[in-house]
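Coordinate inspection notes
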Amino acid sequence: MSKDLSADGVAPEEWKPLHPLTYLPRVLGSVTGIIGAVTLANASALAAWLSGETPTGIESGLVFLGLAAIAVVILAVSGLYSYLAWRMTRYAVTSTAVWYRAGIFMRTQRHARLSRIQTVNVSYSLLGRIVGLGYLDIEVAGGQDSSIKLGLLTSRRLEELRALMLALASGAIDEAVDPNADAVASTVGRRSGTSPLEAPERRVFQIGGVKLLASMLATVDNAVALFFGVFLLGLNGFLVGVVGVTSLMSFFGILAGSFSLLKAVWDRFDREFGFTASIAADGVHIKRGLTARRHVTIPPGRIHALEVTQPLVWRIFGWYRVEITQAGNAKTTNDESNNKDRMRVDVASDVVLPVGSLAEVRQAIAIAIPDLGVDDPDGFLTSLRAGTREDRWMTPIPSSARILDPIVYSRRAFSVTDAVFAIRDGFFNLRFSIIPLTRIQSVSLRQGPIQRWRRVATVRAELVPGRVASTAEHVEDGRSLRLFTQLSEASKIRREAEAPERWLSRVTEIVEATSRSAASGE
């Protein structure tokens, strides 16, 4: 980089612009609003004109012309403002951070340190996939508004920037370079992928659309939502066709209820369609989405917990679902300097396997948490998946808690290995959680009056906010104190994160082993 650095530590020539169409949606939004206002203000005149009549009164014409003139002025001002905003919006990538600056009258600047990156994702809307424009979502460890969204950018530029940031964060290169073949080939050699900096990846599993749809229909909540959504839609059609629309409020109320139920089912199918998971030196690569495509990269060690669930009907087919918790997931950034349109920063997926077999579950666990800290990982996972009461790994809840957990009594148990804290639970929907000891931020112990009566307590491993359960319920009184102490001490001992190189070799070894087992029918 140039030695002529600015006061911000970034050379002026390092600041790059976004795509010229970045602010076009704002202009189109202004135009749409103006057209709507003009149409609403002249609804009667337009209705008369459309019916073949000539609107009477010079006032209507003057009002229409006045609104049209205002619309032109607002359109021009909006276009000028958007152009100036685009000219003043810049980003830069250095060897240590990603920088972003924007603003016309009030200049703001933000940066995200590469060493604290949680995820780097590429996202495309349906229209963006058609025209080849999307966003780069950068999530870093920190408080609220810690994420940065860059875009619009061309698809090639998005992949180049993503590969560059991950290469810098992982230590593959030491300085930010122009991420094109000529500039990089001499440093890291030729690699496969859109960018020569992109780490070679190995696909672990891919979920087909038919299997995804079948798994959703075999889930009770999705099946119920789909049934009532279609039922309400049919009921509305029947009432309109037979009775007629006697109340607009009832008509739109039933319609809104139907669409809300159907939308919930559609959103999951749309979000998880074409799901593909791969591994590379820079982390886990996940690609998903039907209308809006997402390319998610989770660097090694960023997954804080994992949960495997098996709904009741899925047991017939041997299907499982694997979800994760990671820092900063599902945040909405409202910072005015970066997301003036309150755009949701699409951070990493909370799912690493929407639906899959037992062999794929083992691969998904290897991707998320390579080291389980036991000498027999398969036996340990079998105990978590289908075990009951006590075995060589699991410690069950005491018999005094049976009155509190009459249904899940035989399943509820916990385990602490050299590397993870595991929790087994569920009766109709079987589930278990695996939490790396290095990701436990603190441990809490609580005991309510009813628990005190039954001489049990609840121990919770405090993690970053997420979907995975991290609470061991109704642990025997004395054992809960030992568990509290054990988790507190073990998490401190194993605080240092695993190196990416060791992570990749360990994951590859497990994936290859499970692939061979699945191919041989074991």
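Up top is the structure these notes are about.
Residues numbered from 1 in each chain as written. Predicted model: local features only at pLDDT ≥ 70, side-chain atom pairs only at ≥ 80, totals over all residues. Heavy atoms only, no water.

This part covers the pattern of salt bridges. Side chains that differ in charge, positive against negative, can pair when their charged atoms come close. Going through the model one piece at a time under the given rule, you end up with 17 salt bridges. For Glu-159, the salt bridge goes to Arg-162, with nearest N and O atoms at 2.9 Å. Of this pair, Glu-159 and Arg-162 both sit in helix H5 (residues 155–170), 3 residues apart, which is roughly one turn of that helix. The residues Glu-159 and Arg-162 share a single accessibility class, namely buried. Put simply, Arg-412 and Asp-405 hold a salt bridge, and the shortest N to O gap is 2.8 Å. As far as the burial class goes, Arg-412 and Asp-405 line up, both buried. Because the salt bridges share partners, they merge into one network encompassing Arg-268, Glu-272, Arg-321, Glu-323, Asp-350 and Arg-467. (Salt bridge = Lys/Arg side-chain N within 4 Å of Asp/Glu carboxyl O. Helix = DSSP H or I, 4+ residues; strand = E, 2+ residues; numbered from the N terminus. Buried < 20%, exposed > 50% of the residue type's maximum accessible area, 1.4 Å probe, protein only.)

This part covers the sheet that holds strand S6 (residues 133–140). Judged by pairing direction, the sheet is antiparallel, and its 7 strands sit side by side in the order S7-S6-S5-S11-S10-S9-S8 without closing on themselves. Each edge of the sheet is formed by a strand with only one pairing partner; in this case those strands are strand S7 (148–154) and strand S8 (201–206). Along the sheet, successive strands turn relative to each other by an average axial angle of 20°, direction set aside. As paired strands, S8 and strand S9 (residues 276–280) are joined by 5 bridges and run antiparallel to one another. The residue bridging Glu-201 from the neighbouring strand is Ala-280, located in S9. Here helix H11 (residues 358–368) sits on the sheet and contacts S8, S9 and strand S10 (283–288); the angle it forms with S8, its principal contact strand, is near 140°. (Pairing = 2+ DSSP bridges. Axes fitted to C-alpha atoms, helices over the stretch in contact; angles between N-to-C directions. Contact = heavy atoms within 4.5 Å.)

Before going further, it helps to spend a moment on the packing of aromatic side chains. Under the counting rule described, the total for this entry stands at 9 aromatic pairs. Three or more aromatic residues joined by ring pairs form one cluster here, namely Phe-227, Phe-228 and Phe-231. The ring centre of Trp-86 lies 5.9 Å from the NZ or CZ of Arg-90, which sits over that ring. Over the ring of Trp-453 we find Arg-454; its NZ or CZ atom is 4.7 Å from the centre of that ring. (Phe/Tyr/Trp six-rings, centres within 6.5 Å; stacked < 30°, edge-to-face > 60°. Lys NZ or Arg CZ within 6 Å of the ring centre and 35° of its normal.)

To continue, consider the pairing of strand S13 (residues 320–326). In the case of a regular strand, side chains alternate between the two sheet surfaces. By the criterion of burial, S13 is predominantly enclosed, with 7 of the 7 residues buried. By the alternation rule, side chains of S13 split into Tyr-320, Val-322, Ile-324 and Gln-326 and Arg-321, Glu-323 and Thr-325, which are all buried. As paired elements, strand S12 (residues 303–310) and S13 share 6 bridges and run antiparallel to each other. Looking at the pairing, Leu-306 lines up with Ile-324 of S13. Relative to strand S14 (residues 351–356), S13 is paired through 3 bridges, and the arrangement is antiparallel. Residue Glu-323 lies in a different strand from S14, and its bridge partner there is Val-351.

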